[in-house]
Amino acid sequence: MTNPTKSRKEAGFDPAALARPEVTALKPYASARRIMKAEGLEGEVWLNANESPEAEDLAPLTMNFNRYPEAQPEAVVERYAAYAGLSSEQVLVTRGGDEAIELLVRTFCRPGTDAVLEFPPTYGMYAVSARTNGVGVVDLPTDPSTGWTPDADRIAALLDERPDVKVVFACSPGNPTGASIPRAVTERLAAATAGRALLVVDEAYVEFAPEASVVDMLGTHPHLVVIRTLSKAFALAGLRCGFVLADPSVIGLLLKVIAPYPIPTPTAQIAAQVLAENGIARMHARVGRIIAAREALAEGLSALPGVEAVMPSETNFLLVRMRDAEGVFNALVRRGIIVRDQRSQPSLDDAIRISVGLPEENARLLAAMADIMGDRR
Ligand SMILES: *Cc1c(COP(=O)(O)O)cnc(C)c1O
């Protein structure tokens, strides 16, 4: 067996010097799975990635995969359009919401010239997609005292000064805040961005707060784009299926950039099944169970001595402010319970994010936290 490190050194090959500098400068995405593996730890309760704790029992329809898939699987496009109350021309199927983000950056932002605007604390992939593509990132942090609501007046002024901002990413309901952007604010954001930039509203969690959706604004705001996914409420994070909902002219541009056969045949077949009427009914029932479990978990967490605040949530996770977020996070990891540390996000240096699990997983988390915090009283 050859030793790749040795042969690379002998050949005098330094890939980091050859790669795009913005890629060399990037820190790799630190997923909990990667960290656990590197440290030889065994995770048992996974409450870190906002996945569904319940699984759907599904199988693809065919077993032969010698042919390329449909470029845009028609059944999936039509069923999602019907589910969202749109026409098929307003729907693009992607490999998860993450590919939707990446496509928007690559289609609308020139490397080395343009930028995206985001409102931290927010989802990390907007900045990752921008940076890996040589696109700038402008941060306009939001204030917890306003419920993390973006300031539309400041955005209008900022866009006057920064014509390089081509895409504005707003997450609603927000990850990791759990709060949705009020409708009137989205309307003002749409007015501030009109003629200047795309306004992208990431609705990855919208099934947990359907009234927060702005999909009905698409018809009157052609620069508005909505991102959706099957990874959260539909319990299909492993399927890799997401959507861009937008004006047909925007969808047409994205279709020029997306890979020719992005959606694998099994993904298309399974997505079509869960988007049939009974699949959507199962999703709604599951959302009801998760919301009930979330409220019980919030109550349990609020009663713990080291917990300062459990933020209101319109999602399948809870953002929790604690007296010793770092210590509790590490103590939980040692007990095989994985949550998400938020301490690198602005205004969240005392917070962890906990995905709602099965009732027995939530009970185990509460017992562990009571134990950990009891130890430090
Ligand atoms: C989970 C998530 C996504 C997309 O996830 P995919 O699994 O790629 O569909 C997008 N935005 C936010 C805010 C998310 O939390």
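Relevant structure appears above.
It should be emphasised that the depicted structure is a prediction, and the values quoted were computed from it without experimental measurement.

**Here we look at the side chain of Ser313**
Within the secondary structure, Ser313 is located in the loop between strand E9 (307-310) and strand E10 (317-322). Look past the residues within four positions of Ser313 in its chain and what remains in contact with it is Gly178, Arg294 and Leu318.

**What to know about the site of the ligand**
The environment of the ligand is made up of 13 residues, and the closest members are Gly97, Asp202, Thr229, Ser231 and Lys232. One of the side-chain nitrogen or oxygen atoms of Asn175 is found 2.9 Å away from an oxygen atom of the ligand. One of the side-chain nitrogen or oxygen atoms of Lys232 is found 2.9 Å away from an oxygen atom of the ligand. For the ligand, whose unbound accessible area comes to 390 Å², protein coverage reaches 94%. A per-element tally of the shell around the ligand places helix H6 (residues 96-108) first, with 3 residues. Residues that form the shell around the ligand fall into these classes: 4 nonpolar, 5 polar and 4 charged.

**A word on the side chain of Gln342**
Here Gln342 lies in the loop between strand E12 (340-341) and strand E13 (351-355). Owing to a relative accessible area of 5%, Gln342 belongs among the buried residues under this scheme. Apart from residues lying up to four places away in sequence, Gln342 is in contact with Pro176, Leu319, Leu348, Ala351, Ile352 and Arg353.

**A look at the pattern of salt bridges**
As enumerated under the stated definition, the model contains 21 salt bridges in all. Between Glu56 and Arg286 there is a salt bridge, with its nearest N and O atoms 3.0 Å apart. Within this pair, whereas Glu56 is found in the loop between strand E1 (45-46) and helix H5 (74-84), its partner Arg286 is found in helix H12 (residues 277-302), the two being separated by 230 residues in sequence. No difference in accessibility class separates Glu56 from Arg286, as the two residues are buried. Here Arg183 and Glu187 are joined by a salt bridge, their closest N and O atoms 3.4 Å apart. Note that Arg183 and Glu187 are positioned in helix H9 (residues 183-193) at a spacing of 4 residues, about one turn of the helix. Using a relative accessible area of 35% as the deciding quantity, one classes Arg183 as partly exposed. One network of salt bridges, with partners in common, ties together Glu56, Arg282 and Arg286.

The rules behind each value
Residues numbered from 1 in each chain as written. Predicted model: local features only at pLDDT ≥ 70, side-chain atom pairs only at ≥ 80, totals over all residues. Heavy atoms only, no water. Helix = DSSP H or I, 4+ residues; strand = E, 2+ residues; numbered from the N terminus. Contact = heavy atoms within 4.5 Å. Near = heavy atom within 4 Å. Polar contact = N/O pair within 3.5 Å; in protein donor to acceptor, adjacent residues only side chain to side chain. Areas by Shrake-Rupley, 256 points an atom, 1.4 Å probe, with all protein chains shown as cover. Nonpolar A, V, L, I, M, F, W, Y, C, P; charged D, E, K, R; others polar. Buried < 20%, exposed > 50% of the residue type's maximum accessible area, 1.4 Å probe, protein only. Salt bridge = Lys/Arg side-chain N within 4 Å of Asp/Glu carboxyl O.

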